[in-house]
Amino acid sequence: MSAFEPILCGIPGADETLDSIRLGDNVVWQVSTLEEFQFFAGPFVKQAIADGRNLIYMRFGDHEPLLSPQPGLKIYEFDPNEGFETFTVNIRSRITEEGYDAFYVFDSLSSLQSVWYTDLMMGNFFRLTCPYLFILDTVAYFPLLRGRHSYDAVAKIRDTTQLLLDVYSGDGRTYLQPLKVWNRNLPEMFLPHVCDMETGGCKTLRGGIPLSRYYYLVDEVKAESQDQNLDSYDRFFALARLEYKHGNFSGEMEDQIIESTMTKDPRLHERIKAYFTPKDYFKLRDRMVGSGAIGGKACGMLLARRIVETRLPEYASHTEPHDSFYIGSDVFYSYIVANDCWKMWLAQRTQEGYYTEAEPLRQALLSGEFPPDIREKFRALLEYYSGSPIIVRSSSFLENGFNNAFAGKYESVFCVNQGTPEACLEDFEAAVRTVYASTMDISALEYRRQRGLEQMDEQMAVLVQRVSGSFWGDYYFPAAAGVGYSYSMYRMRKDMDLSAGLLRIVAGLGTRAVDRPENDYPRLSGLDRPDVPLYSSVTDRHRYSQRNIDVLDISENRIRTLTFDSLMDQLPLWYKKAVMERDYEAEAALKRLNRWRQVWFVNCQKLLGNRVFTAYMQKILKVLEEVYGNPVDIEYTVNIDEEGEFVVNLLQCRPLYTGARGGE
């Protein structure tokens with residue numbers, strides 16, 4: 001059969017009104033109830049069976065079945081709870097199997113909103129599925145519940161489908177109002193019509209009285225609609241706020257927020273519910289760009305902070321509040337769809353394309369454009385930080401879970417955030433693209449394959465954090481930063497208590513503690529005796545010390561690595577004393593050569609000698625380990641002042657895999 005060939009829809013009057021439904025058409029019926037959809041779908045099914053069509057019912061909704069099993073009808077079931085990607089790929093695979101000229105009835109698109117909690121992903125599913133059906137010269141019916149979705153979501157469906165038809169019922173009549181009929185334009189086509197199923201007729205409303213009745217009905221129906229200026233995700237949160245205000249915030253509502261926004265892992269779910277309040281959820285939503293989940297890294301950070309705030313209130317003055325933002329995981333898939341990368345994404349997910357298609361997709365992700373509405377939200381985010389440096393961090397679905405750390409597999413990008421607003425926006429968008437593209441880095445792909453995760457949904461959310469630190473002339477960095485472990489993997493002394501925990505700490509940005517560069521040494525501190533150095537002699541302590549520091553260069557708008565020697569003149573004495581130690585032996589040797597000068601080396605000795613600081617760090621690690629029921633590792637920064645006061649910023653927390661401990 002040829003493309004765009006007319007077919008019979010089972011209602012002769014509708015065939016006449018619409019100038020026939022054609023091969024290749026996707027037909028979206030916007031209805032108030034699914035019974036209204038069945039009014040038109042029933043005759044379509046009956047006609048397709050009579051004509052010997054390959055007729056398929058795609059069953060996935062949480063509603064009652066739209067069609068009953070009958071000869072000539074294939075029924076396939078799908079589970080949208082498996083996630084957007086798996087569900088969409090499974091639907092596409094079935095469509096591929098059925099091939100050309102198939103006829104379809106889909107369950108309600110609105111049921112996908114219920115599972116995925118957002119209009120955005122429902123619209124993305126349709127934008128990917130509809131064109132593929134069109135290519136295969138199929139005919140597909142989709143119901144869409146009126147008033148449940150944002151104007152933006154409906155607009156995306158309208159732009160993609162071939163036919164968008166409004167259906168209204170009242171006073172014993174069923175009305176059909178075409179809103180879009182692609183490539184056809186008969187006289188009176190877009191007027192409302194009243195349909196008679198007994199005769200199969202569709203009569204155009206021309207008279208003033210029937211038209212007035214029709215528009216009265218339309219007004220009555222639309223008065224019951226929700227606010228379509230908002231995505232369903234925002235409407236749900238608005239309802240949750242209202243329920244909380246009136247004392248009706250339910251456990252079911254909280255469960256839905258956690259599953260849609262934070263995690264589906266039951267272990268984390270339980271802990272979040274124990275430590276979060278409704279206000280925490282609302283604050284989180286207020287700081288989100290887009291919708292979807294915030295990912296494992298952001299979830300771990302927020303949970304850890306709430307645990308510490310709740311369990312260690314006596315250290316509140318030493319805890320730096322966070323002011324993070326989150327780019328929801330739905331934005332990632334929407335970016336892929338909007339930039340025509342979905343075919344490449346699917347090709348990379350195949351066995352043969354897993355590695356070979358990764359680099360072309362990575363390049364495509366690096367060169368895409370963000371939709372205008374997302375760019376405006378990016379602008380607002382940058383206006384909030386107003387010149388303060390930020391870091392754009394990966395926070396994928398699988399990252400920082402109990403079994404999958406993904407440590408160092410995905411990118412984090414510093415944005416010094418200096419210059420004109422447009423320049424800062426361009427830098428920020430480039431940073432987000434870099435994080436997105438890192439999903440295709442070979443090391444990340446290998447990590448996923450080694451753990452059998454290559455076919456799992458791995459949506460990438462983004463965590464945006466203000467870089468905790470101080471301005472030191474042209475440079476910006478924290479006093480110190482590093483990584484902490486509640487259980488030490490290193491026995492640095494024979495009498496060391498491994499369960500007391502361990503800090504790896506550096507002066508400046510924590511990158512040198514996380515990445516552990518060659519020929520440079522962060523300070524390792526066992527928290528049973530935190531101020532005891534690894535080496536007894538000053539010479540060895542100097543030799544195995546930190547020589548370089550990572551900073552953000554404000555004047556050059558980039559991250560730089562500097563030697564401490566080049567920075568010494570810009571650092572105040574109180575800071576030097578906090579993170580450095582004098583090498584008097586070296587100074588004496590220089591004096592004998594008539595070349596005396598002060599010789600400092602970095603070991604954070606005074607900071608580690610601050611018992612309040614080290615006790616706090618150990619308590620953080622122990623209470624997190626207790627709540628997680630598993631050893632943990634954290635990332636942190638420390639800022640200090642000349643009086644010796646300090647604040648700790650907890651940047652990250654994840655379960656730590658320690659292996660068997662019998663080999664200590």
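Described below are features of the structure shown in this document.

Moving on: the sheet that holds strand 12 (residues 288-289). Sheet architecture is open: five strands sit in the order 12-13-16-14-15, paired in mixed fashion. Only two strands of the sheet have a single partner each, and these edge strands are strand 12 and strand 15 (412-415). Bridge count for strand 14 (residues 390-396) against strand 15 is four bridges, and the pairing is antiparallel. Considered in strand 15, the bridge of Val-392 is made with Val-413. Relative to the sheet, helix 13 (residues 329-338) contacts strand 12, strand 13 (325-327) and strand 16 (460-466), its axis offset from that of strand 16 by approximately 120°.

Before going further, it helps to examine a nonpolar patch on the surface. On the surface, Tyr-100, Phe-134, Ile-135 and Trp-182 cluster together into a nonpolar patch covering about 420 Å² of accessible area. Mapping Phe-134 onto the fold places it in helix 5 (residues 119-135). Classification of Phe-134 as partly exposed rests on a relative accessible area of 33%.

As a further point, take the packing of helix 12 (residues 295-311) against helix 25 (residues 611-628). Two elements in contact, helix 12 and helix 25, have axes separated by 10 Å at closest approach and are oriented at 110°. In terms of axis orientation, helix 12 runs roughly perpendicular to helix 25. At the point where helix 12 passes helix 25, the crossing takes the right-handed sense. Contact with helix 12, carried on its side by Gly-300, Leu-303, Ala-304, Ile-307, Val-308 and Arg-311, involves Tyr-616, Ile-620, Val-623, Leu-624, Glu-626, Val-627 and Tyr-628 of helix 25 and no other residues of that element. Here the contact of helix 12 with helix 25 is built from residues that sort into ten nonpolar, one polar and two charged.

A side chain with one charge can pair with a side chain of the opposite charge if their charged atoms come near. All told, the structure shown has 38 salt bridges when counted by the stated rule. Measuring nitrogen to oxygen at the nearest pair gives 2.5 Å for the salt bridge that ties Glu-587 to Arg-582. For Glu-587, a relative accessible area of 4% corresponds to the buried category. Salt-bridge contacts for Glu-625 lead to Lys-622; the nearest nitrogen and oxygen are separated by 3.2 Å.

Rules behind the numbers
- Residues numbered from 1 in each chain as written.
- Predicted model: local features only at pLDDT ≥ 70, side-chain atom pairs only at ≥ 80, totals over all residues.
- Heavy atoms only, no water.
- Pairing = 2+ DSSP bridges.
- Helix = DSSP H or I, 4+ residues; strand = E, 2+ residues; numbered from the N terminus.
- Contact = heavy atoms within 4.5 Å.
- Axes fitted to C-alpha atoms, helices over the stretch in contact; angles between N-to-C directions.
- Patch = residues over 30% accessible without salt bridge, like charges linked within 9 Å, V, L, I, M, F, W, Y side chains within 5 Å.
- Areas by Shrake-Rupley, 256 points an atom, 1.4 Å probe, with all protein chains shown as cover.
- Salt bridge = Lys/Arg side-chain N within 4 Å of Asp/Glu carboxyl O.
- Buried < 20%, exposed > 50% of the residue type's maximum accessible area, 1.4 Å probe, protein only.
- Parallel < 35°, antiparallel > 145°, perpendicular 65-115°, else oblique.
- Left-handed = near helix turned anticlockwise from the far one by under 90°.
- Nonpolar A, V, L, I, M, F, W, Y, C, P; charged D, E, K, R; others polar.

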